[in-house]
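Fold and geometry: a report
Chain by chain, the residues:
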Amino acid sequence: MRLKISLLKEPKHQELVSCVGWTTAEELYSCSDDHQIVKWNLLTSETSQIVKLPDDIYPIDLHWFPKSFGVKKQTQAESFVLTSSDGKFHLISKLGRVEKSVEAHCGAVLAGRWNYEGTALVTVGEDGQIKIWSKTGMLRSTLAQQGTPVYSVAWGPDSEKVLYTAGKQLIIKPLQPNAKVLQWKAHDGIILKVDWNSVNDLILSAGEDCKYKVWDSYGRLLYNSQPHEHPITSVAWAPDGDLFAVGSFHTLRLCDKTGVRNVLNDAVDLLEFRDRVIKASLNYAHLVVSTSLQCYVFSTKNWNTPLIFDLKEGTVSLILQAERHFLLVDGGGIYLYSYEGRFISSPKFPGMRTDILNAQTVSLSNDTIAIKDKADEKIIFLFDATTGKPLGDGKLLSHKNEILEIALDQKGLTHDRKIAFIDKNRDLYITSVKRFGKEEQIIKLGTMVHTLAWCDTCNILCGLQDTRFTVWYYPNTVYVDRDILPKTLYEKDASEFSKNPHIVSFVGNQVTIRRADGSLVHISISPYPAILHEYVGSSKWEDAVRLCRFVKEQTMWACLAAMAIANQDMTTAEIAYAAIGEIDKVQYINSIKDLPSKESKIAHILMFSGNIQEAETVLLQAGLVYQAIQININLYNWERALELAIKYKTHVDTVLAYRQKFLETFGKQETNKQYLQTAEGLQIDWDKIKAKIELEITKERERSSSSQANKTMGLKY
């Protein structure tokens, strides 16, 4: 990606160019003190004068109407607002026709901005007023009145707040009356320009103190530039929030760059493209490059013959890659393609806004697409990647708080797919995409987590947690045995990464972190957990045990213990739990191994993991009613135990006997009405009860033996 600056032999503008605005990736409009509005086409290098304004109109600011989110707004989307020094703003069509001129301020109108929905316009001026207008130019309200000129203004991402300058101060004022106003000193000189990105929710400011700064939406400083030689007169975010441009006297700065180098043999490939490169992504042995007209897909095995297909829109704002396919996001929608260039699907949901989607709010795996809803930020939409249709019965993943960042794991089977997310409180949660909607299945993994990433080769999760870098070697442990989760973690001090670092990628056993100053830091983690995942995924349990014995680390044994329980390999689980000193669990596992039937073993494994309801369901479906009653008795779930006994008309006396024994042990009297009513006229005979229990166990053992014998006979024939 190269930034080219060229000067025409015959400049079209004769005076200072005061403002510019992009219509597409290849078309630009500019306004000048020579009263001309000129259109520039980067593809054809053609320029054309759109309109010659009256001599008393000196343009100051230009902003295009946001791209339409519905058919009705299509016409107005082809227009822009132009503010000028005569105190007016002008609504001008793409063809140059001045649709309306509105008297707005006393003195120059210094800035005008449409909100993201195109339903309102805010203007600021030399008179210090901030005014809100309808999309047709009707005054709605005067939001604020300052004693000094307001040089710049920006809408908040939700279009419910306005950010504006007041001398050396920045002010965020909500549109609602009496709402709290946030104000802070941002620069040592007058602030000349601000921009607020709707994707990353970060604020840029530039001032006469020759500095530019980055802030979060609470007014906390994230980055402070070194002083430049001249005042910073303009700043602007790229729509996706990854980059921003800074303008000063004879200076234009753009951070970050993209290049290709083979680190194995140090060979360098120079890739030339016919059109401007908009976006690029390198992952899973493929480089995907979007230009203003086409998409190029390179294989790392062959850089000479890329696969090329045309794009509907040349404004690709995001490229996400998974092992089998990749996702493109542009102004028109979301599109999934195979690496052979075949279109797969295009997921949609009501009110979807592609202009605010980024890598934190969209996630892709081999089978699932997850998208955070902008209208209700507590909701995540989940789609089947191959069809683009909502997963399952169309339920949403709904959380109690607003969600900031989402990430799907990359490996394993579809029914085991997990999604991790960070909410507004900076708590990290994990849940299964096949069980979304059940609050009890959304489990907290950590607190004060600022950024996260899944490994591309196995389901290992990493995150920056307060002042620590944390790796969850087997996050699924929370569903299997939450008690040993701390033993499956790797933690490292993260103070060296300074404030607000961000995880860029997690490839193999290497994590790349970008610090707030833009520099990249690389962390290598142990390769052994990934090898353990590979062994377990291939059911090589003996190899997994040998690996843990070789490494001799508690984290490895703890991961193996959880993996073995999840895969119902009790022999390996017994070895692993013994290695981490969980003797009580070793004893319980031994008792599970001695159970008479497969169903009982599965039920007790589910109980081991805390899934009581599922354990009961397994037993009832297998006709093992007494065993289902007994697990509720063992857990002192007396009401459910009696309910089952009455429903299936069996072992009512057994439940009453155990209840009576329980009360006698603690010296209490029966107060439960249901138990009192059921016990009327019923005699407790422990000999009879023990005989019934023995009979149940014998029946279960015989049935299990018979079932096994039938399977063996079936194999013989």
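It should be noted that the structure appears before, not after, this text.
A brief structural summary.

Cut-offs and rules
- Residues numbered from 1 in each chain as written.
- Predicted model: local features only at pLDDT ≥ 70, side-chain atom pairs only at ≥ 80, totals over all residues.
- Heavy atoms only, no water.
- Helix = DSSP H or I, 4+ residues; strand = E, 2+ residues; numbered from the N terminus.
- Buried < 20%, exposed > 50% of the residue type's maximum accessible area, 1.4 Å probe, protein only.
- Contact = heavy atoms within 4.5 Å.
- Lys, Arg positive; Asp, Glu negative; His and termini not counted.
- Charge placed at Lys NZ, Arg CZ, Asp CG, Glu CD.
- Pairing = 2+ DSSP bridges.
- Axes fitted to C-alpha atoms, helices over the stretch in contact; angles between N-to-C directions.
- Polar contact = N/O pair within 3.5 Å; in protein donor to acceptor, adjacent residues only side chain to side chain.
- Core = buried A, V, L, I, M, F, W, Y, C linked by side-chain atoms within 4.5 Å.
- Salt bridge = Lys/Arg side-chain N within 4 Å of Asp/Glu carboxyl O.
- 1 Å grid on protein atoms, 1.4 Å probe; cavity = no way out; pocket = protein on both sides within 12 Å on 5 of 7 lines; lining within 4 Å.
- Points joined across faces, edges and corners; volume = space filled by probe spheres on them.
- Nonpolar A, V, L, I, M, F, W, Y, C, P; charged D, E, K, R; others polar.
- Phe/Tyr/Trp six-rings, centres within 6.5 Å; stacked < 30°, edge-to-face > 60°.
- Lys NZ or Arg CZ within 6 Å of the ring centre and 35° of its normal.

1. Let's talk about the overall build of the chain
The secondary structure content of the chain amounts to 13 helices and 46 strands. Split into buried and exposed, the 717 residues of the chain put 50% on the buried side. A fraction of 42% describes how many contacts in the chain between residues 6 or more apart in sequence connect residues 24 or more apart. Both charge centroids of the chain, one from 83 positive and one from 85 negative side chains, sit 2 Å from each other.

2. Quick look at the environment of valine 511
Within the secondary structure layout, valine 511 lies in strand 45 (residues 510–514). Along the primary structure valine 511 and tryptophan 541 are separated by 30 residues, whereas in three dimensions their C-alpha atoms are 28 Å apart.

3. Points about the pairing of strand 1 (residues 17–24)
For a regular strand, the rule is simple: side chains alternate between the two faces of the sheet. Of the pairings in the sheet, the one linking strand 1 to strand 2 (residues 27–32) comprises six bridges and is antiparallel in character. Paired with valine 17 across the bridge in strand 2 is serine 32. With antiparallel pairing between neighbouring strands as the criterion, strand 1 and strand 2 make up a hairpin whose turn holds two residues.

4. A short note on helix 7 (residues 598–608)
Taken across its 11 residues, helix 7 has eight buried, putting it largely inside the fold. Every buried residue of helix 7 is listed here: Ser600, Ile602, Ala603, His604, Ile605, Leu606, Met607 and Phe608. Of the residues flanking the end of helix 7, it is glycine 610, one or two places downstream, whose phi is positive at about 90°.

5. A few points about the sheet that holds strand 16 (residues 182–185)
Ordered by their spatial adjacency, four strands build an open sheet running 13-14-15-16, and the pairing between neighbours is antiparallel. Each edge of the open sheet carries a strand with a single partner, namely strand 13 (153–155) and strand 16. Pairwise comparison of adjacent strand axes, ignoring direction, gives a mean angle of 15° for this sheet. Pairing analysis gives four bridges linking strand 15 (residues 169–174) to strand 16, with the strands arranged antiparallel. Looking at the pairing, isoleucine 172 lines up with leucine 182 of strand 16.

6. Quick word on the side chain of serine 32
Examined against the element boundaries, serine 32 turns out to sit in strand 2. The buried category is assigned to serine 32, whose relative accessible area is 0%. At 3.1 Å, the side chain of serine 32 and the backbone oxygen of glutamate 15 are in polar contact. A polar contact is formed between the side chain of serine 32 and the backbone oxygen of leucine 16, at a distance of 2.9 Å. Excluding residues within four positions of it along the chain, serine 32 makes contact with His13, Glu15, Leu16, Val17, Ser18 and Pro59.

7. Overview of the nonpolar core
Core analysis: the biggest nonpolar cluster contains 49 residues, and Phe469, Leu532, Leu560, Ile565 and Tyr577 have the highest contact counts within it. Counting residues per element, this core draws most heavily on helix 4 (residues 554–566), which supplies 10 residues. Apart from the residues within four sequence positions on either side, leucine 532 is in contact with Ala544, Leu547, Cys548, Met556, Cys559, Leu560 and Met563. Counting residues in hydrophobic clusters, the runner-up holds 22 residues, among them Ile629, Trp638, Leu656 and Tyr675.

8. Looking at the pattern of salt bridges
A side chain with one charge may pair with a side chain of the opposite charge, provided their charged atoms come close. Counted under the stated rule, the structure contains 28 salt bridges. Of the charged contacts, one joins glutamate 616 and arginine 640 as a salt bridge, the two residues approaching to 2.3 Å between their closest N and O atoms. Highlighted residues: glutamate 616 in helix 8 (residues 612–621) and arginine 640 in helix 10 (residues 638–648), separated in sequence by 24 residues. Relative accessible area serves as the criterion here: at 3%, glutamate 616 is assigned to the buried category.

9. Focus: the sheet that holds strand 8 (residues 98–103)
Here four strands make up an open sheet; going across it, the order is 5-6-7-8 and the pairing antiparallel. With one partner strand each, in any of the chains shown, strand 5 (59–64) and strand 8 form the two edges of the open sheet. This sheet shows a mean twist of 20° between the axes of neighbouring strands, independent of strand direction. Pairing between strand 6 (residues 79–84) and strand 7 (residues 88–93): five bridges, direction antiparallel. The residue bridging valine 81 from the neighbouring strand is leucine 91, located in strand 7.

10. So, the layout of surface pockets
Roughly 1,100 Å³ of volume is contained in the second largest pocket. What lines the second largest pocket is a set of 36 residues, and nearest its centre among them are Asp416, Tyr474, Asn476, Ala566 and Asn567. Put simply, the parts of the chain that give the lining of the second largest pocket at least two residues each are strand 38 (428–432), helix 1 (477–480), helix 2 (528–537), helix 4 and helix 7. Sorting elements by how many residues they give to the lining of the second largest pocket places helix 2 first, with five residues. Of the residues that constitute the lining of the second largest pocket, the class distribution is 16 nonpolar, 13 polar and seven charged.

11. Considerations on empty space enclosed by the protein
Within this structure, the stated rule accounts for one cavity of 30 Å³ or more. Of the pockets and cavities examined, the largest cavity occupies roughly 70 Å³. If you go around the largest cavity, the residues you meet are Asp310, Leu311, Lys312, Glu313, Val316, Leu328, Val329, Asp330, Tyr335 and Tyr337. At the level of elements, strand 29 (325–329) and strand 30 (334–338) are the ones that each hand at least two residues to the lining of the largest cavity. Considered class by class, the residues forming the lining of the largest cavity number six nonpolar, no polar and four charged.

12. Describing the packing of aromatic side chains
Evaluation of the coordinates by the stated rule reveals 28 aromatic pairs. Ring centres of phenylalanine 349 and phenylalanine 381 lie 4.1 Å apart, and the angle between their planes is 15°; on these two criteria the pair is classed as stacked. With phenylalanine 349 in the loop between strand 31 (343–345) and strand 32 (362–364) and phenylalanine 381 in strand 34 (residues 379–384), this pair connects stretches of sequence that are 32 residues apart. For the pair phenylalanine 349 and phenylalanine 381, one class covers both residues: buried. By way of ring pairs, the aromatic residues Phe309, Phe326, Tyr337, Tyr339 and Phe343 are connected into one cluster. The ring of tryptophan 686 has lysine 661 lying over it, and the distance from NZ or CZ to the ring centre is 5.7 Å.

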